[in-house]
Amino acid sequence: PPALERQFMLFFARPPPTPPPPPPPVASGFAAALIFCGAAACVTAALRNTPAPGKSGLGLQIGGLVVSVVSVALPGRFDSDADVLVRSPWPTLFNPAGFAFAIWGVIYLGEAAGVLALAVNREAARAAAPAAPAWLSANCAQALWCAAFRPWALSRLWLSSACLAATAACLVVSQRTAAPALRGPLGALVSVPRSLHAGWVTAAALVNVNAWAGSASLGAARCFAAAVLSLLAAAALADSYARLGLLSAAAAVGWALFAVSRGAAVGPDAAALGPLALDGLATASAAVAAAVAVSIAVRGAQHLRTTPTLADMVEE
């Protein structure tokens, strides 16, 4: 009979697997300390940036790309779930719309094409060799972010912010080191995707800071202050990137700000502030994105007057 069959299945069925317990606080704290020290070591190595004399640095260029692709491909991060790109899993006032993350495809395809171009053109690889150590450091820092942006570190979202900031710092050092050597279309092929990468992880670090503020329950007033300060920081960093000639890095920051203006704030802090304050924050984000576009145009015109060709102007 069906009833007897159900009892038989319930009696002999294997129980569902027990979910793994969360790591003990001491273990997770030790892991967080290791990751933070690793990110600091990446920045230190990038600032030293000492390539081996007489080497093309091609191994470091390829190694950096491999580290990036492999670490990002490992599942288990928060953003491995597509729903995270649509609705934030934690309370935040600084939440970019899902379409913004399409920039990752442009970044990875462009960086792969750039490394392939360096592999084919050994002379260009030797010219870009001084930037290779910082490039590898940047991708190692991003691999640490991949390790930190997981459920075990949900209460430590500041850690993923630190890893993203370290990634951006290393990429900027690499780009500024490569700028004098890489010119023309080949230089743009290598530099533009990496500058996009630097600008995007800069904005992502600010997004993570706001996620930490929301998940830490700092309160609506402090979270609103964090969002406003993030807009100011994004504007200042984007203008600095444009002034340094990293125009596509500034463009990536502007793209992120535009996406924030189209995103939805979620959580009790958003409910406490109400639609009027949230609409004002979205309008401010769109205005800062427009200001970044103006900065890119002005700084780009300045670089156009000081560089001999349009190809050189794309990335100094």
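Just so you know, these numbers come straight off a predicted model, no measurement behind them.

Conventions used here
- Residues numbered from 1 in each chain as written.
- Predicted model: local features only at pLDDT ≥ 70, side-chain atom pairs only at ≥ 80, totals over all residues.
- Heavy atoms only, no water.
- Helix = DSSP H or I, 4+ residues; strand = E, 2+ residues; numbered from the N terminus.
- Buried < 20%, exposed > 50% of the residue type's maximum accessible area, 1.4 Å probe, protein only.
- Contact = heavy atoms within 4.5 Å.
- Areas by Shrake-Rupley, 256 points an atom, 1.4 Å probe, with all protein chains shown as cover.
- 1 Å grid on protein atoms, 1.4 Å probe; cavity = no way out; pocket = protein on both sides within 12 Å on 5 of 7 lines; lining within 4 Å.
- Points joined across faces, edges and corners; volume = space filled by probe spheres on them.
- Nonpolar A, V, L, I, M, F, W, Y, C, P; charged D, E, K, R; others polar.
- Core = buried A, V, L, I, M, F, W, Y, C linked by side-chain atoms within 4.5 Å.
- Patch = residues over 30% accessible without salt bridge, like charges linked within 9 Å, V, L, I, M, F, W, Y side chains within 5 Å.
- Salt bridge = Lys/Arg side-chain N within 4 Å of Asp/Glu carboxyl O.
- pLDDT = per-residue confidence, 0-100.
- Expected span 1.5 Å × (residues − 1).
- Axes fitted to C-alpha atoms, helices over the stretch in contact; angles between N-to-C directions.
- Parallel < 35°, antiparallel > 145°, perpendicular 65-115°, else oblique.
- Left-handed = near helix turned anticlockwise from the far one by under 90°.

A. Fine view of the overall build of the protein. Helix and strand content of the protein: twelve helices and zero strands. By the burial criterion, 45% of the 316 residues in the protein qualify as buried. The contacts of the protein with a sequence gap of at least 6 include a subset with a gap of at least 24, amounting to 86%. When the accessible surface of the protein is totalled, it reaches about 15200 Å², and 72% of it is carbon and sulfur.

B. Just empty space enclosed by the protein, in detail. Under the definition given, this model contains two cavities of 30 Å³ or more. Quantified by volume, the largest cavity comes out at close to 40 Å³. In this structure, the largest cavity is lined by Q61, A128, A131, S174, Q175, A178, L182, V190, S191 and R194. Secondary-structure elements contributing two or more residues to the lining of the largest cavity are helix 7 (157-178) and helix 8 (184-215). Of the residues contributing to the lining of the largest cavity, the split by class is five nonpolar, four polar and one charged.

C. Structural context of the side chain of N208. Residue placement: N208 occurs in helix 8. The buried category is assigned to N208, whose relative accessible area is 7%. Not counting residues within four places of it along the chain, the set of residues in contact with N208 comprises W145, F149, L157, S160, S161 and L164.

D. A look at the nonpolar core. Residues F94, W200, Y241 and L257 are the most contacted members of the largest nonpolar core, which totals 68 residues. Sorting the residues of this core by element identifies helix 2 (25-48), helix 4 (103-120), helix 6 (132-148), helix 7, helix 8, helix 9 (220-243), helix 10 (247-262) and helix 11 (268-306) as the ones contributing at least two each. At eleven residues, helix 8 tops the list of elements feeding residues into this core. With nine residues, the next largest nonpolar core counts A125, A131, A178 and L182 among its residues.

E. Just a nonpolar patch on the surface, in detail. A grouping of I62, V66, V70 and L74 is seen on the molecular surface, where their side chains present a nonpolar patch of about 330 Å² in accessible area. As for its placement among the helices and strands, I62 is situated in helix 3 (residues 58-73).

F. Spotlight on the confidence of the model for the protein. Across the protein, the average pLDDT comes to 86, with 83% of residues at or above 70. Predicted confidence for residues 1-20 stays below pLDDT 50, and this span has zero contacts to residues more than four positions away or in other chains. In this model residues 309-316 is a low-confidence stretch, pLDDT under 50, and it forms 28 contacts with partners more than four residues away in sequence or in other chains.

G. Quick look at unusual backbone geometry. The backbone of S217 shows a phi angle near 55 degrees, a positive value even though the residue is not glycine. Residue placement: S217 occurs in the loop between helix 8 and helix 9.

H. Focus on the pattern of salt bridges. The final tally for this structure, using the stated rule, is two salt bridges. For D79, the salt bridge goes to R77, with nearest N and O atoms at 2.9 Å. The exposure class of D79 is partly exposed, given its relative accessible area of 22%. For R77, a relative accessible area of 9% gives the class buried.

I. Structural detail: the layout of surface pockets. Of the pockets and cavities examined, the second largest pocket occupies roughly 160 Å³. What lines the second largest pocket is simply S161, A165, A168, A169, V172, T202, A205, L206, V209, L237 and Y241. Looking at the lining of the second largest pocket, the elements with two or more residues in it are helix 7, helix 8 and helix 9. Class assignment of the residues belonging to the lining of the second largest pocket gives a composition of nine nonpolar, two polar and no charged.

J. Up close: helix 9. Taking 1.5 Å per residue as the helical rise, helix 9 with its 24 residues ought to reach 34 Å, and the 35 Å between its terminal C-alpha atoms agrees with that figure. Buried residues of helix 9: A220, C223, A226, A227, S230, L231, A234, A238, Y241 and A242, and no others. Looking at the buried side of helix 9, the elements it contacts are helix 7, helix 8, helix 10 and helix 11. Just downstream of helix 9, G245 is the residue with a positive phi angle, here 95 degrees.

K. Structural context of the packing of helix 6 against helix 7. As a packed pair, helix 6 and helix 7 sit with axes 8 Å apart at the nearest point and diverge in direction by 165 degrees. Our classification of the angle between helix 6 and helix 7 gives roughly antiparallel. Here helix 6 and helix 7 pass one another in a crossing that is left-handed. On helix 7, the residues touching A134, W135, S137, A138, A141, Q142, L144, W145 and A148 of helix 6 are L159, S160, C163, L164, A166, T167, C170, L171, V173 and S174. Across the contact of helix 6 with helix 7, the residue classes tally to 14 nonpolar, five polar and no charged.

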